[in-house]
Amino acid sequence: MLYAVTSLRSAASAYHAFKSVSANGITMDMPNSASSGRPHSSKIYYDLSGLYDKIFERVFKRRIFQVVNRLNIPAGARVLEVGVGTGLSLNAYPRHAEVTCVDLSQDMLDIAAEKMTKARHGHIKLMQMDGQNLKFDTDEFDYVTAFHVVTVVPDPAKLVNELTRVCKPDGQVVIINHFRSPRPYISAIVDLADPVTRRLGWSTRLSLDKAMEGQSLALQQSYKTSPWSLFTVVEARKFAEAAAARRRAV
Ligand SMILES: C[S@@+](CC[C@H](N)C(=O)[O-])C[C@H]1O[C@@H](n2cnc3c(N)ncnc32)[C@H](O)[C@@H]1O
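Conventions and cut-offs
Each chain has its residues counted from 1, running along the sequence as written. Given that the model is predicted, a residue must reach a pLDDT of at least 70 before its local features are reported, and side-chain atom pairs must reach 80 or more before they are shown or counted; all residues, however, enter totals for whole chains, interfaces and linings. Strands are runs of DSSP state E lasting at least two residues, helices are runs of H or I lasting at least four, and both sets are numbered from the N terminus onward. The exposure label follows from counting other C-beta atoms within 10 Å of a residue's C-beta, where the C-beta atoms are placed from the backbone and the thresholds are 20 or more for buried and 12 or fewer for exposed, leaving partly exposed in between. Two residues qualify as being in contact provided that their C-beta atoms, derived from the backbone, are within 7 Å of each other. The term nonpolar core refers to a set of buried Ala, Val, Leu, Ile, Met, Phe, Trp, Tyr and Cys residues connected through C-beta atoms within 7 Å. In this scheme, a helix's expected span is set at 1.5 Å multiplied by one less than its residue total. Pairing between strands is defined by DSSP: at least two bridges between them are needed. Between N-to-C directions, angles span 0 to 180 degrees; the directions come from axes that are lines fitted to C-alpha atoms, helices contributing only their stretch in contact.

Trainee: Could you give an account of the overall build of the protein, naming the residues involved and the relevant values?
Mentor: In terms of helices and strands, the protein carries nine helices and seven strands. Counting the 250 residues in the protein, one finds 40% classified as buried. Residue pairs at least 24 apart in sequence account for 68% of intrachain contacts in the protein once pairs closer than 6 positions are excluded.

Trainee: Tell me about the nonpolar core, and name the residues and values.
Mentor: Core analysis: the largest hydrophobic core is formed by 58 residues, its most contacted members being Val79, Ala112, Val144, Val150, Leu163 and Val173. No other element matches the six residues that helix α3 (residues 52-71) contributes to this core. When near neighbours in sequence (up to four residues on either side) are disregarded, valine 79 contacts Ile73, Tyr93, Ala97, Glu98, Val99, Phe141, Asp142, Tyr143 and Thr145.

Trainee: I'd like a rundown of unusual backbone geometry, residues and numbers included.
Mentor: Of note, the phi angle at arginine 120 is positive, near 50 degrees, even though the residue is not glycine. The residue arginine 120 is located in the loop between α4 (106-119) and β3 (124-128) in this model. Unlike most non-glycine residues, aspartate 139 shows phi in positive territory, near 60 degrees.

Trainee: Would you mind going over the environment of glutamate 235 in detail, with residue names and values included?
Mentor: Looking at the secondary structure, you find glutamate 235 in strand β7 (residues 232-238). Put simply, glutamate 235 and glutamine 221 are 14 residues apart on the chain and 5.4 Å apart in space, counted from C-alpha to C-alpha. The contacts of glutamate 235, once residues within four sequence positions are left out, are Gln172, Val174, Gln220 and Gln221.

Trainee: So, α4: which residues are in play, and what are the values?
Mentor: Between the first and last C-alpha of α4 there are 20 Å, a value that for 14 residues agrees with the 20 Å anticipated at 1.5 Å per step. Buried-residue contacts for α4 involve α3, β2 (98-103) and β3. Directly after α4, the chain includes arginine 120, whose backbone phi takes a positive value near 50 degrees.

Trainee: Which residues make up the sheet that holds β3, and what values do they have?
Mentor: One open sheet accounts for seven strands, arranged β3-β2-β1-β4-β5-β7-β6; its pairing is mixed. The outermost strands of the open sheet, each flanked by one partner alone, are β3 and β6 (217-223). This sheet shows a mean twist of 20 degrees between the axes of neighbouring strands, independent of strand direction. Of the pairings in the sheet, the one linking β2 to β3 comprises five bridges and is parallel in character. Pairing of valine 99 across the sheet is with isoleucine 124, part of β3. Along the sheet, α3 makes contact with β4 (141-147), β5 (167-177) and β7, crossing β5 at roughly 160 degrees. Sheet strands in contact with helix α5 (residues 156-166) are β1 (78-82), β4, β5, β6 and β7, and its direction is about 145 degrees off that of β5.

If you want it as structure tokens, here you go:
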């Protein structure tokens, strides 16, 4: 519970911090990100990207490292991370992998790029790209990851579909996200935070079932890294048959 309270308190203070910094205030509407080139109507992911690490590093980084470490990514594996942000995950990826990281926000990527230069991460490439419309071939990557991003984008289903498309048959799609609790009394409470989190840049209303619906993915496991965490880790494998059928149809 303490973790949940801390997370909500961080989110609330972030909201106030951003509100006081922003001259124009923060728009409530969900963005038309792809056409504007801005990741979200929330300024966190562009004008205020410099504050991101101060607020979220403590909450997100440890979990990201736990999740990536568990994957035991083998030498030579091709990894794509979508929505890498300021690069909290960069040090988690082994140097023996070939890693591509994309984000819609150039401001967030610029901060990630500074970290890469300092750490001499020659095995990682950064690219600006919309996760809902990835410029990669079908079946390109062994691992596709998306941390704290699925409910940030306007069309989560499209994003998960793209993560799946670019993943190789039998490859893994790994997501960390907040999903709506199946327990009505919990979801009712968390729903109360939705107006605040939307202003910060994400929605709390997507369920895991909805996120997986119709995707060519077999859920391997979903778990939390701590009993109090608001976030769920999802490991899923892309169906080999579905990919083969799609190739035959083209
Ligand atoms: C909450 S941050 C998470 C960043 C990072 N994954 C982490 O865990 O710290 C969400 C990120 O998604 C990015 N984003 C938003 N919409 C996107 C889109 N359509 N395509 C790619 N990235 C997007 C934002 O720019 C931001 O960097």
